[in-house]
Amino acid sequence: MQPGSKQLRWSSQAGQSYTISEDESDPIESSGTRLILHMKEDASDYLDSSKVEDLLNRYSEFIEFPISVWKEKTEYKKVPDIEANKDLKEGEEPKMKTIPETT
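Visitor: It is not clear to me how the side chain of Asn 85 should be interpreted in this structure. Could you clarify?
Guide: Tracing the sequence through the fold places Asn 85 in the loop between strand 3 (74-80) and strand 4 (96-102). Classification of Asn 85 as buried rests on a relative accessible area of 15%. Only 2.8 Å separates the side chain of Asn 85 from the backbone oxygen of Asp 81, close enough to count as a polar contact. Each residue touching Asn 85, except ones within four places of it in the same chain, is listed here: Pro 80, Pro 94 and Lys 95.

Visitor: Before we go on, may I ask you to explain the pattern of salt bridges in this structure?
Guide: Here the idea is simple: oppositely charged side chains can pair when their charged atoms come close. Evaluated as defined, the whole model comprises 5 salt bridges. Across the salt bridge formed by Arg 9 and Asp 23, the nearest N and O atoms sit 2.8 Å from each other. Taken together, the residues span a long stretch of sequence, with Arg 9 in strand 1 (residues 8-11) and Asp 23 in the loop between strand 2 (19-22) and helix 1 (49-59) at a distance of 14 residues. Taking the relative accessible area as the measure of exposure, Asp 23 reaches 12% and is therefore buried. Between Lys 86 and Glu 83 there is a salt bridge, with the nearest N and O atoms lying 3.4 Å from each other. Given a relative accessible area of 57%, Lys 86 falls into the exposed group. Take Glu 83: its relative accessible area is 57%, and that puts it in the exposed class.

Visitor: Quick question: what am I supposed to make of the side chain of Asp 81 here?
Guide: Residue position: Asp 81 is located in the loop between strand 3 and strand 4. Buried within the structure, Asp 81 lacks any salt-bridge partner; Lys 97 is the closest side chain of opposite charge, at an N-O distance of 4.5 Å. Engagement of the side chain of Asp 81 in a polar contact is seen with the backbone nitrogen of Glu 83, the distance being 3.2 Å. When sequence neighbours within four positions are dropped, the list of residues in contact with Asp 81 reads Lys 95, Met 96 and Lys 97.

Visitor: When you look at the environment of Pro 80 in this model, what are you seeing that I'm missing?
Guide: Relative to the helices and strands, Pro 80 resides in strand 3. In the structure, Pro 80 is positioned 18 residues away from Thr 98 in sequence and 8.8 Å away in space, judged by C-alpha atoms. If we skip the residues at most four places from it in the chain, Pro 80 touches Asn 85, Lys 95, Met 96 and Lys 97.

Thresholds applied
Residues numbered from 1 in each chain as written. Predicted model: local features only at pLDDT ≥ 70, side-chain atom pairs only at ≥ 80, totals over all residues. Heavy atoms only, no water. Helix = DSSP H or I, 4+ residues; strand = E, 2+ residues; numbered from the N terminus. Buried < 20%, exposed > 50% of the residue type's maximum accessible area, 1.4 Å probe, protein only. Polar contact = N/O pair within 3.5 Å; in protein donor to acceptor, adjacent residues only side chain to side chain. Contact = heavy atoms within 4.5 Å. Salt bridge = Lys/Arg side-chain N within 4 Å of Asp/Glu carboxyl O. Lys, Arg positive; Asp, Glu negative; His and termini not counted.

In short, geometric facts, not functional conclusions.
Encoded structure:
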């Protein structure tokens, strides 16, 4: 991105029209494009990053610049619930809560 240029958002609802507006989300750290897909329920095959990478490799064979897939994984872990354990009596097992952890 050129210094001083604005980050833009291109949006479409899978129709023939689209909108372009200024994007207020976190800036991309280097040059590039952030692509966010909202999938239909019957398209869960495309949630697998290896499927997306396979499609990118197949259909971008003649593009001269590198395309990479940023992967985000959310795991859930159990931690002690501080609020629920305020009145915990000695010897009682602490109450746990599940929190998401994104890597």
